Amino acid sequence: MKTIDDLLRQGVEGKRVFVRADLNVPQDGTTITDDGRIRAVLPTIKALTAAGAKVVVASHLGRPKGAPDPAFTLRFAASRLGELLGRPVAFAGDTIGSEAHAAVAGLDNGQVAVLENLRFHPGETSKDPAERAELAARLAAFADVYVGDGFGAVHRQHASVAELPRLMPKYAGYLIATEVGVLRKLTEDVRRPYVVVLGGAKVSDKLAVIDQLLDKADRLLIGGGMAYTFLKAKGYEVGISLLQEDQVPIVTEYMQRAEKNGVELVLPVDILAAAEFPDLKTKAPADHVTVDADKIPSDKEGLDIGPRTRELYASKLADAATIFWNGPLGVFEHPDYAGGTRAIAQALVDSDAFTVVGGGDSAAAVRTLGFDENAFGHISTGGGASLEYLEGKTLPGLAALED
Ligand SMILES: Nc1ncnc2c1ncn2[C@@H]1O[C@H](COP(=O)(O)OP(=O)(O)O)[C@@H](O)[C@H]1O
Ligand SMILES: O=C(OP(=O)(O)O)[C@H](O)COP(=O)(O)O
């Protein structure tokens, strides 16, 4: 894989460089609540602008349905990028339309333009390769060179990630190079006990990786929205909690395999549950109860792991030599349900293990809950991406950067 340093050695002055970033940052309306993913791509963008390139930055944000949706605009991320760079950044209000063409055509050497959300175009995430190829060809018109630096999306077979780099000279940016460097260590030489903590809300994506983790990890601690499919598989009622009903048979099989392989699969023993999802805007106190994991009321949903589970998980992390954590243990965006996530973050900080935290929301949680980033071994910008990398899968966005 060629890196941006190879590109810089050749010189990029006056060249149009397409940087596929992951600017999928958490937002509260128009306010970015954590800009870690924007800061993570700054080294690449700064190196390119310093070398006189015309930099075209593109990303997705959230999961819009293949059409423009103001709730998912990249406008605010673009403006934060400008603040962090300390220079104005042009923003195109469309992805491949007249605004995008004008913004790119208007770039002088060393300037930056950000295109509107790639997922406003159905070709980005389409299952049809021809549709993806069509979008990739249109994006290719904007640039002479491709730099892949959106690590959080390299596991996606999407047009700008997997197809576009095949149409022009391509290089890995500094973020991808750093992420792969750290995560490779976890696949090659993992110190044991190796404990994996899995939570979050992207349940169907992440259940799939457990298959491989059952051959690699010594212990798996399950929380967040993931937990309820497991509790259901154990025969418990989970009320109106996040549930991947169709995956219950697979999870049952995972639990049997874990026992056979001697992998400790640990589930919550108590839960904070409420009749309503909390208001994340006002953060008004939420009316909730703490219940045993097998006693979730039928009209309530689980929103965080309870105090006994926090203690149990901390004890299961204490002797670890390596810890990988992806996915908040609860709805940490609301103070009443941040306790589980805080307890796990604290357990990582307290342990002597090599600790890796992965995922947009997990990384944001660590920072917004006030932890020092330096107290962790590595904070990865990718959750699904790092999990799939650790699985040993070929990731489309990395394969496409290879010669
Ligand atoms: N029990 C739960 N029910 C619903 N959502 C949850 C629950 N626990 C955690 N979450 C949500 O999971 C989201 C993060 O999930 P995910 O995107 O999978 O993590 P990451 O971005 O770290 O990979 C957070 O917004 C959090 O509120
Ligand atoms: O937030 C992301 O992934 P993550 O939640 O696994 O860290 C990436 O931006 C990828 O987004 P996607 O899972 O909608 O493809």
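Residues numbered from 1 in each chain as written. Chains lettered and ligands numbered in written order. Predicted model: local features only at pLDDT ≥ 70, side-chain atom pairs only at ≥ 80, totals over all residues. Heavy atoms only, no water.

## Quick look at the overall build of the protein
Formally: Under the scheme used here, helices are H or I runs from DSSP no shorter than 4 residues and strands are E runs no shorter than 2 residues, and both carry numbers assigned from the N terminus. With a 1.4 Å probe rolled over the protein chains alone, any residue whose accessible area is under 20% of its type maximum counts as buried; one over 50% counts as exposed, and the rest are partly exposed. Accessible areas in this description were obtained via Shrake-Rupley with a 1.4 Å probe; residue shielding takes into account the shown protein chains only.
In terms of regular secondary structure, the protein is built from 16 helices and 17 strands. Its C-alpha atoms give the protein principal-axis dimensions of about 60 × 45 × 40 Å. For the protein, with 403 residues in total, the buried portion stands at 56%. Total accessible area on the protein stands at roughly 16,100 Å², and carbon and sulfur atoms take up 49% of it.

## Observations concerning the UniProt feature "binding site: substrate" (unreviewed entry) in the protein
Put simply, the rule is: UniProt positions are given in the numbering used here, feature names are shortened, and annotations may be inferred rather than shown by experiment. Here, two residues are considered to be in contact whenever any of their heavy atoms come within 4.5 Å of each other. Polar contact criterion, stated in full: a pair of N or O atoms within 3.5 Å, where within protein one must be able to donate a hydrogen and the other to accept it, and residues adjacent in sequence count only if both atoms are side-chain atoms.
UniProt tags D22, L23, N24, R37, H60, L61, G62, R63, R119 and R156 as "binding site: substrate" (unreviewed entry). Within the secondary structure layout, D22 lies in the loop between strand 1 (16-20) and strand 2 (27-28). Its relative accessible area of 6% is what places D22 among the buried residues. The contacts of D22, once residues within four sequence positions are left out, are R37, S59, H60, G150, G152 and A153. A polar contact is formed between the side chain of D22 and the backbone nitrogen of N24, at a distance of 2.9 Å. Within the element layout of this structure, R63 appears in the loop between strand 4 (54-58) and helix 4 (75-85). Not counting residues up to four positions away in its chain, the partners in contact with R63 are F72, R119, R156, K202 and D205. Side chain to side chain, R63 and D205 meet in a polar contact 3.5 Å long.

## Looking at the sheet that holds strand 12 (residues 270-274)
Short version of the rule: One bridge is not enough; two strands pair if DSSP finds at least two bridges between them. Axis lines are fitted to C-alpha atoms, over the contacting stretch for helices. Their N-to-C directions set the angle, which ranges from 0 to 180 degrees.
Judged by pairing direction, the sheet is antiparallel, and its three strands sit side by side in the order 13-12-14 without closing on themselves. In this open sheet, the two edge strands, each paired with only one partner strand, are strand 13 (288-292) and strand 14 (301-305). Averaged over all neighbouring strand pairs, the angle between strand axes comes to 40 degrees, with direction disregarded.

## Focus: helix 13 (residues 339-350)
Rules: Given the number of residues in a helix, its expected span is that number minus one, multiplied by 1.5 Å.
The first and last C-alpha atoms of helix 13 sit 16 Å apart over 12 residues, in line with the 16 Å expected at 1.5 Å per residue. Along helix 13, the positions that sit buried rather than exposed are G339, G340, T341, I344, A345, A347 and L348. Where the residues of helix 13 are buried, they touch strand 9 (194-198), strand 14, helix 12 (307-318), strand 15 (322-326), strand 16 (354-358) and helix 14 (360-368).

## A short note on the site of ligand 1
Keep this limit in mind: Definition of nearness: a residue and a molecule or strand are near each other if at least one heavy atom of the residue lies within 4 Å of the molecule or strand. Residues were grouped as follows: Ala, Val, Leu, Ile, Met, Phe, Trp, Tyr, Cys and Pro as nonpolar; Asp, Glu, Lys and Arg as charged; and all remaining residues, including Gly, as polar.
The immediate surroundings of ligand 1 are formed by 21 residues, with A201, K206, E333, D361 and S362 found nearest. A201 is positioned with one of its backbone polar atoms (N or O) 2.9 Å from an oxygen atom of ligand 1. Contact between ligand 1 and D361: an oxygen atom at 2.8 Å from a main-chain N or O atom of the residue. Counting residues per element, the ones that place at least two in the shell around ligand 1 are strand 14 and helix 14. With three residues, helix 14 is the single largest residue contributor to the shell around ligand 1. Tallied by class, residues from the shell around ligand 1 come to five nonpolar, 12 polar and four charged.

## Looking at the pairing of strand 12
Among the five residues in strand 12, five count as buried, and that is most of the element. Here strand 12 shows no split at all, with D270, L272 and A274 on one side and I271 and A273 on the other all buried. In this structure, strand 12 lies alongside strand 13, joined through five bridges in antiparallel fashion. Bridge assignment links A274 to a residue of strand 13, and that residue is H288.

## Structural notes on the UniProt feature "binding site: ATP" (unreviewed entry) in the protein
With numbering aligned to this structure, UniProt lists the feature "binding site: ATP" (unreviewed entry) at K206, G302, E333, G359, G360, D361 and S362. G359 gets classed as buried once you look at its relative accessible area, which sits at 3%. Dropping the residues within four chain positions of it, G359 is found in contact with R37, N326, S380, T381, G382 and G383. Counting through the fold element by element, G360 comes out in helix 14. When its relative accessible area of 18% is taken as the criterion, G360 is described as buried. Setting aside its immediate chain neighbours within four residues, G360 contacts R37 and T381.

## Some remarks on the side chain of R310
With respect to the helices and strands, R310 occurs in helix 12. Polar side-chain contacts of R310 include one of 3.0 Å to the backbone oxygen of I305.

## Remarks on the site of ligand 2
Around ligand 2 sit 15 residues, and of these H60, R63, R156, K202 and G384 come closest. In this structure, an oxygen atom belonging to ligand 2 sits 2.9 Å away from a side-chain N or O atom of N24. The side chain of R63 places a nitrogen or oxygen atom 2.8 Å from an oxygen atom of ligand 2. Notes on ligand 2: free accessible area 390 Å², of which the protein chains cover 95%. Here the shell around ligand 2 is composed, by residue class, of no nonpolar, eight polar and seven charged.

## Section: the sheet that holds strand 15
Through backbone hydrogen bonds, the strands of a sheet pair up, either in parallel or in antiparallel fashion. The sheet built from six strands is open, its strands ordered 11-10-9-15-16-17 with parallel pairing. Of all the strands in the sheet, the pair left with one neighbour each is strand 11 (264-266) and strand 17 (378-380). Within this sheet the neighbouring strands show an average axis-to-axis angle of 15 degrees, counted without direction. Looking at chain direction, strand 9 and strand 15 are connected through five bridges and run parallel. Following the sheet pairing, V197 is matched in strand 15 by W325. Where helix 8 (residues 174-188) meets the sheet, its contacts fall on strand 15, strand 16 and strand 17, and the angle it forms with strand 16 comes to roughly 125 degrees.

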